[in-house]
Structure formats: structure tokens, C-alpha cells
Amino acid sequence: MTPGEFTRQEILSQPEVWQATLESFPSQASSLAGQAAGLRRRPFLVTGCGSTYYLSVAAAAVLHRYGLQAIALPASELVYYSPPPTLETPVLLAISRSGTTSETIWAVEAFRRRYPQGLVIAISTVPATPVVEMADFRLLAAQAQERSVAQTRSFTSMYLLAQALASTLAGDQAAVAALDRLPGALVALFERESGLPRRLGEDLSLERFFFLGGGPLYGLACEAMLKTKELTCSWAEAYHPLEFRHGPMSVAGPGSLVVSFLSSSAAGAEAAVLGDMQQLGSRTLALAEQSGALDNIGTEGLLSLDSGLDDWGRGPLYLPLLQLAAYHRALAKGLDPDHPRNLTMVVEL
Ligand code: F1P
């Protein structure tokens, strides 16, 4: 098998897998939709591990958009430490690609012991698994199942389900329908920027990677960081954009690439950070809804996502090109993206 072939296929298949996932959502969520009024009054604990913890961080930010209380925690935190106190019996949103990660299973069990009246919603890709079977409700991105270790289409597809769930709980059906724009926007993005992932990926003069994202984009920036580490064994960090000046930029400079997930909410302030990092000798790449007034930002370019969606809707679009760049960098370093060093598909303890 060609090294990385599973990873390549899984990344490139995201438009059709997103389409199928979104088409499956209404029937999966019908019973949940009927309980939306009660659920949105309850606090949410959102959990996962590694990639799915970062997905939890992004999902919690989408719930915040609608005024829902939501706290994202790694599963192990829910197992070994007391969760934040809540005034009402919470809902646990447990996210797991495999449904078999030990810490996530333990987190659901701990939640059940601590909150006998609590409700568990699972988001996964595999139906008959412990996390899914322990849940009261489940949303599955079955078409996003993967054979490679590092999550790519599974992450973005499960995130789509989390976005659609949050909007459904809030009664925002327009936001749910707007997600249908994403598959076509990704096809166009892949075509428009077909050369960038390989150009960046094969540029081994880049040694350190920094991903910046705010609000719902912070969890996604963390996922881009993790993908870069997992696939390429490179130095990668993630921060809220303006946080980068408060110390971490001390290691920016020649040989580093600062990637900003520019938002519509704070584009000017976020773009200024990139300008400052260019002054330190860093190379910079910006991803934004539209280039427009920010045309000169980004030594490596400003990628227009052209989704027609807001900060909370367009999130999945920030990742596929960076996933592909990590795939190419892994191959350029003689690594096999399908079998990342030291990693297994699931952590079972
Ligand atoms: C999560 C996980 C991640 C890791 C890698 C493999 O498993 O172990 O922590 O980053 O992506 O998957 P899951 O609970 O989502 O199946």
C-alpha cells in the first residue's frame, strides 16, 4: 500500500462524507429535537480525548453562541477530578470516533454515578460500541469511519453533527440548513488552492508551526496543531490569536509558520498579530471567509473560504487544506501518514 494512501483518500473524500453526514442528521436528531426546550435549559459537559477533546472545545463554543452553558473537559478530568458545579443536572456530550477509548467510557460511567438523572448524548462514527450504547441519544457519522490513525474526515464530520445539534437545540433551523453549503464550498476550495498544501508540506525549511484561532475556531486550531504533530512529528502549538503576543511569540521567527484562522468577529486584531509575527521573521498564512481588505496579509497567502457562513458555521472548512499539508510534510520527511510514530487508532487502557 502506498504510504499515506488511506489518509489521502479520507481527507479528499470530505465533501461527499460531509454531504452524507448532514443528510443523515434530521432523522437521527428527530427524538432529540422534541426535547430541545428542556435540554437547552441544562448545562452541558462536553468531553473527548485528543482530537475529540479539541472537538469538544469547539462544540462548547458553538453552544455558547446560543447562550447555553457548556464546559469542555478532557475525559480524564471528568474521571479523576470533580467537574465544575452546576445548578441543574447536566447533559454529557461524549464525543469519540471509536466509541471504545477507555477514558471516555470511564467518563460516561463517572457521569452516570455522579448524576443519576443526567442525560448522555454520544457523537461517534461507530454504532455498536460502549460509548454509543451507554448513551441516551446518539449521533453517528458512519460514513466518516476511517482506516488511518489520525482523525481527519471523522473529526470534521463529527464536528458538523455537533454544530447541527447545537443549532437544533437552539431552534435555529436556518443555521442547520446553512451547513449544507459546506460540501460545495470545500470542493471549490480544494480546486482553488490545489497547489498550496503540497508547496507548504514539502517546504522543510519550515520547522515550527503555530495555529491561532479564537471563539469556535480555537478548538479547530488545536486540532490543526495536533494533526501536524501526529502526522509530521514537528513542533506545533495552538493559541487564541492575541494570546500569542503574551510570551509564546518568543519562539516565533525565521523557520516558523504562523497560521491564523481569521474570524469575522475579530479579523483586524487577528491580522495585526500576523503582521507582528512577520516583523519577527515568521512566515504567515491566513484563512478567512473573504480576502477583501486583508489582501496583503500572509506571506504564504490569504486563503478565502467563501462559505457564506459565519464564524460558528464555517469551522470545518479551516482544516482540510492543513490536513493535506501535514500529509505532504509527512511524506517529505519519509514518514507514513497512515501509521504515525508512537500512535494507535484508539487508546485502550
Ligand atoms: C481519540 C484518539 C485521539 C488521538 C487520535 C486517535 O479517540 O485517541 O486522542 O488524537 O486521533 O484517536 P476517539 O475516542 O475519538 O476514538
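Further up the page is the structure itself.
I will try to describe carefully the structure that is included in this document. (Residues numbered from 1 in each chain as written. Predicted model: local features only at pLDDT ≥ 70, side-chain atom pairs only at ≥ 80, totals over all residues. Heavy atoms only, no water.)

Moving on, we get to the environment of Leu321. Relative to the helices and strands, Leu321 is located in helix α14 (residues 320–332). Once the C-alpha coordinates of Leu321 and Glu5 are considered, the two residues, 316 residues apart in sequence, prove to be 16 Å apart. Not counting the four nearest positions on each side in its chain, Leu321 is found in contact with Leu189, Phe190, Glu193, Pro197 and Leu303. (Helix = DSSP H or I, 4+ residues; strand = E, 2+ residues; numbered from the N terminus. Contact = heavy atoms within 4.5 Å.)

Let's shift gears to the pattern of salt bridges. On inspection of all chains with the given rule, the structure shows 14 salt bridges. The shortest N-O distance in the salt bridge between Asp310 and Arg65 comes to 2.6 Å. With Asp310 in the loop between β10 (302–304) and α14 and Arg65 in helix α4 (residues 51–65), the pair connects residues that are 245 residues apart, well separated along the chain. A salt bridge links Arg97 to Glu146, with the nearest nitrogen and oxygen atoms 2.8 Å apart. Of the two residues, Arg97 is situated in the loop between β3 (91–96) and α6 (102–114) and Glu146 in the loop between β5 (137–140) and α8 (153–169); the sequence distance between them amounts to 49 residues. Arg97 gets classed as buried once you look at its relative accessible area, which sits at 5%. Put simply, Arg199, Asp203, Arg283 and Glu300 are held in one network by salt bridges that share partners. (Salt bridge = Lys/Arg side-chain N within 4 Å of Asp/Glu carboxyl O. Buried < 20%, exposed > 50% of the residue type's maximum accessible area, 1.4 Å probe, protein only.)

What follows deals with α4. Between the first and last C-alpha of α4 there are 22 Å, a value that for 15 residues agrees with the 21 Å anticipated at 1.5 Å per step. Burial analysis of α4 places 12 of its 15 residues in the buried class, which makes it a mostly covered element. All buried positions along α4 are accounted for by Ser51, Thr52, Tyr54, Leu55, Ser56, Val57, Ala58, Ala59, Ala60, Ala61, Val62 and Leu63. Against the buried residues of α4 lie β1 (44–48), β2 (70–74), β3, α8 and α12 (218–232). Two residues or fewer after α4 comes Gly67, characterised by a positive phi angle close to 80 degrees. (Expected span 1.5 Å × (residues − 1).)

All right, on to the packing of aromatic side chains then. Tallying each qualifying case throughout the model produces 5 aromatic pairs. Ring geometry for Phe261 against Tyr318: centres 5.1 Å apart, planes inclined by 10 degrees, an arrangement best described as stacked. With Phe261 in strand β8 (residues 256–261) and Tyr318 in the loop between β10 and α14, this pair connects stretches of sequence that are 57 residues apart. For the pair Phe261 and Tyr318, one class covers both residues: buried. If you follow Arg208 out to its NZ or CZ, it ends over the ring of Trp235, 5.6 Å from the centre. (Phe/Tyr/Trp six-rings, centres within 6.5 Å; stacked < 30°, edge-to-face > 60°. Lys NZ or Arg CZ within 6 Å of the ring centre and 35° of its normal.)

Let us now look at the packing of α12 against α14. Relative orientation of the contacting elements α12 and α14 amounts to 20 degrees, with a least axis distance of 9 Å. In terms of their interaxial angle, α12 and α14 are classed as roughly parallel. Between α12 and α14 lies a crossing whose hand is right-handed. Touching Ala224, Lys227, Thr228, Leu231 and Thr232 of α12 are Leu322, Gln323, Ala326, Tyr327, Arg329 and Ala330, all from α14. Taken together, the residues of the contact of α12 with α14 sort by class into 6 nonpolar, 3 polar and 2 charged. (Axes fitted to C-alpha atoms, helices over the stretch in contact; angles between N-to-C directions. Parallel < 35°, antiparallel > 145°, perpendicular 65-115°, else oblique. Left-handed = near helix turned anticlockwise from the far one by under 90°. Nonpolar A, V, L, I, M, F, W, Y, C, P; charged D, E, K, R; others polar.)

This brings us to the sheet that holds β2. With respect to topology, 5 strands assemble into an open sheet ordered β2-β1-β3-β4-β5, the strand pairing being parallel. A strand with exactly one partner marks an edge of an open sheet, and here the two such strands are β2 and β5. The mean inter-strand angle of the sheet, taken between neighbouring strand axes irrespective of direction, is 20 degrees. For β1 and β3, the ladder comprises 4 bridges, and the chain directions are parallel. (Pairing = 2+ DSSP bridges.)

Further remarks concern the environment of Met277. Along the chain, Met277 falls in helix α13 (residues 267–279). Residue Met277 is classed as buried on the basis of its relative accessible area, which comes to 0%. Between the C-alpha atoms of Met277 and Ala107, which are 170 residues apart in sequence, the distance is 40 Å. Residue contacts for Met277: discarding those within four places in its chain leaves Phe244, Arg245, Met249, Ala252, Val258, Ser282 and Thr284.

Taken together, 13 residues form the shell around the ligand, and within it Ser96, Arg97, Ser98, Thr101 and Glu230 come nearest. Contact between the ligand and Arg97: an oxygen atom at 2.8 Å from a main-chain N or O atom of the residue. With respect to the ligand, the side chain of Gln151 contributes an N or O atom lying 3.0 Å from an oxygen atom. Expressed as a share of its isolated accessible area of 380 Å², the protein-covered part of the ligand is 93%. (Near = heavy atom within 4 Å. Polar contact = N/O pair within 3.5 Å; in protein donor to acceptor, adjacent residues only side chain to side chain. Areas by Shrake-Rupley, 256 points an atom, 1.4 Å probe, with all protein chains shown as cover.)

Time to look at the side chain of Gln323. Tracing the backbone through its elements, the reader meets Gln323 in helix α14. Judged by relative accessible area, Gln323 falls into the buried class, the value being 2%. Once you skip the residues sitting within four places of it in the chain, Gln323 turns out to touch Ile11, Gln14, Thr152, Thr156, Lys227 and Leu231.

Judged by pairing direction, the sheet is parallel, and its 5 strands sit side by side in the order β7-β6-β8-β9-β10 without closing on themselves. Among the strands making up the open sheet, the edge pair consists of β7 (235–239) and β10. Across the sheet, the mean angle separating the axes of adjacent strands is 15 degrees when strand polarity is ignored. Pairing between strand β6 (residues 208–213) and β7: 5 bridges, direction parallel. When the sheet's bridge partners are listed, Phe210 is paired in β7 with Glu237. The strands touched by α12 within the sheet are β6, β7 and β8, with β7 carrying the most contacts at an inclination of about 175 degrees.

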